[in-house]
Amino acid sequence: MSRSMAITEAERLRQLAVVRRLEAAGFRAWPATSTAFDGTWAVRLTRSFPGKRLNSVNPLDPSDNSDIPARIVRARRTFAEYGRSIIVRQSPLAPPELVAYLDGEGWPAFDESLVMTASLAELDLAGTVDRIPIRDVARYVASSLRVHDRPASLRAGLTEILQSIRPPTGLFIRENAAGEAVAVALAIYDNDLAGLLDVAVIDGERRRGTGKDLVRTALRYTAHKGAKTAWVQVEADNAAGLALYGALGFKEAYRYVYRAPPGEMR
């Protein structure tokens, strides 16, 4: 093996290690009700909340490529038992053989997202006001549903998710003069990692610096707790989100897409 090939392979393995660590942190930060494993495929399902991350097959080892058709059949059966259609979350950890199988079966890719990271020590958080996160989960849930414009029927499901998070969590809300929530953010500090989730600003308050201020507040809070590296997941078509995190100093670590059978994309 040439030196250049060895370096390339070493870089690939290093990148996969980064992806594995961030994927594991993401699972802990946003826990599904049920996680079953078929080999190294994590089958995550949540009856009470429809999020794709919480209801998807997540392959976690590029070399785990045996019996792909049969495993897809088993996963479809499990999803059907939950009243859901199967979704595969395709990250760099997905076996190439699985990707080829889904391509051959005509499963379209959709909702591409970027996982971005930043060193907290290198971010400019000067001037950010220290704010203590709230402890009232019910208040945060109500605020999150309002800001995301989600139905009240998801209140119990979101509450269950938040109460299931094991790493220490910071809940942040911004309110207007009338006391109505206009922005929310969830900060998870997991040893040296800090995850940002559920970040949103209500229509009418965007492009006013509200989101940036809230994100900086959450990041400063996790830095005080000892986190070293921040991560966030942003949909590729979210231009405002990508601009916000890029301006703060976040860089793309990897991407993932969702795959679903033809006619079942959602």
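Definitions and cut-offs
- Residues numbered from 1 in each chain as written.
- Predicted model: local features only at pLDDT ≥ 70, side-chain atom pairs only at ≥ 80, totals over all residues.
- Heavy atoms only, no water.
- Buried < 20%, exposed > 50% of the residue type's maximum accessible area, 1.4 Å probe, protein only.
- Helix = DSSP H or I, 4+ residues; strand = E, 2+ residues; numbered from the N terminus.
- Pairing = 2+ DSSP bridges.
- Expected span 1.5 Å × (residues − 1).
- Arc of directions from axis to C-beta.
- Contact = heavy atoms within 4.5 Å.
- Core = buried A, V, L, I, M, F, W, Y, C linked by side-chain atoms within 4.5 Å.
- Phe/Tyr/Trp six-rings, centres within 6.5 Å; stacked < 30°, edge-to-face > 60°.
- Lys NZ or Arg CZ within 6 Å of the ring centre and 35° of its normal.
- Salt bridge = Lys/Arg side-chain N within 4 Å of Asp/Glu carboxyl O.

Undergrad: Would you mind going over the pairing of strand β2 (residues 41-45) in detail, with residue names and values included?
TA: A large share of β2 lies buried, amounting to 5 of its 5 residues. Alternating positions in β2 separate into two faces, Trp41, Val43 and Leu45 on one and Ala42 and Arg44 on the other, with burial throughout. In this structure, strand β1 (residues 34-38) lies alongside β2, joined through 5 bridges in antiparallel fashion. Following the sheet pairing, Phe37 is matched in β2 by Ala42. Remark: 2 residues form the turn of the hairpin made by β1 and β2, two consecutive strands paired antiparallel; Gly39 in that turn has positive phi of roughly 65 degrees. As defined by bridge partners, β2 adjoins strand β3 (residues 56-59) across 4 bridges and the pair is classed as antiparallel. The partner of Val43 across the bridge, within β3, is Val57.

Undergrad: Describe helix α2 (residues 68-81), and please don't skip the residues or the numbers.
TA: Compared with an ideal rise of 1.5 Å per residue, which puts 14 residues at 20 Å, α2 spans 20 Å between its outermost C-alpha atoms and is within 8% of the ideal. Looking only at α2, the buried set comprises Ile68, Arg71, Ile72, Ala75 and Phe79. Down the axis of α2, the sector holding all buried residues measures 100 degrees, keeping them to one side. α2 presents Ala80 and Glu81 as exposed residues on the side facing more than 90 degrees away from its buried surface. Where α2 is buried, its residues meet β1, β2, β3, β4 (88-90) and α3 (96-104). Count one or two residues on from α2 and you reach Gly83, which has phi positive near 75 degrees.

Undergrad: Residues and numbers for the nonpolar core, please.
TA: Trp30, Tyr140, Leu158, Leu162, Leu186, Leu197 and Trp231 are the most contacted members of the largest nonpolar core, which has 40 residues in total. Counting only elements with at least two residues in this core, the list comes to α1 (3-29), β5 (109-119), α4 (137-148), α5 (155-164), β6 (169-175), β7 (181-190), β8 (193-201) and β10 (251-259). Phe172, Ala185, Ala187 and Ala227 belong to the second-largest nonpolar core, a separate cluster that totals 27 residues.

Undergrad: Break down the packing of aromatic side chains for me, with residues and values.
TA: Throughout the structure, instances matching the rule amount to 5 aromatic pairs. Looking at Arg71, its charged tip hangs above the ring of Trp41, at a distance of 4.1 Å from the centre. Here the basic side chain of Arg89 rests over the ring of Tyr256, its NZ or CZ set 3.8 Å away from the ring centre.

Undergrad: Now, about unusual backbone geometry: what can you tell me, with residues and values included?
TA: Even without a glycine there, the phi angle at Asp67 is positive, about 50 degrees. Positive phi outside glycine occurs at Asp149, with the angle close to 55 degrees. Tracing the backbone shows Asp149 in the loop between α4 and α5. Assessed through its relative accessible area of 70%, Asp149 is described here as exposed.

Undergrad: Describe the pattern of salt bridges, naming the residues involved and giving the relevant values.
TA: Counting across every chain of the model gives 19 salt bridges. One salt bridge in this structure joins Glu11 and Arg14, with 2.9 Å as the shortest N-O distance. You can see Glu11 and its partner Arg14 sitting in helix α1, 3 residues apart, about one turn around the helix. Overlapping salt bridges bring together Asp38, Asp64, Arg71 and Arg74 as one network.

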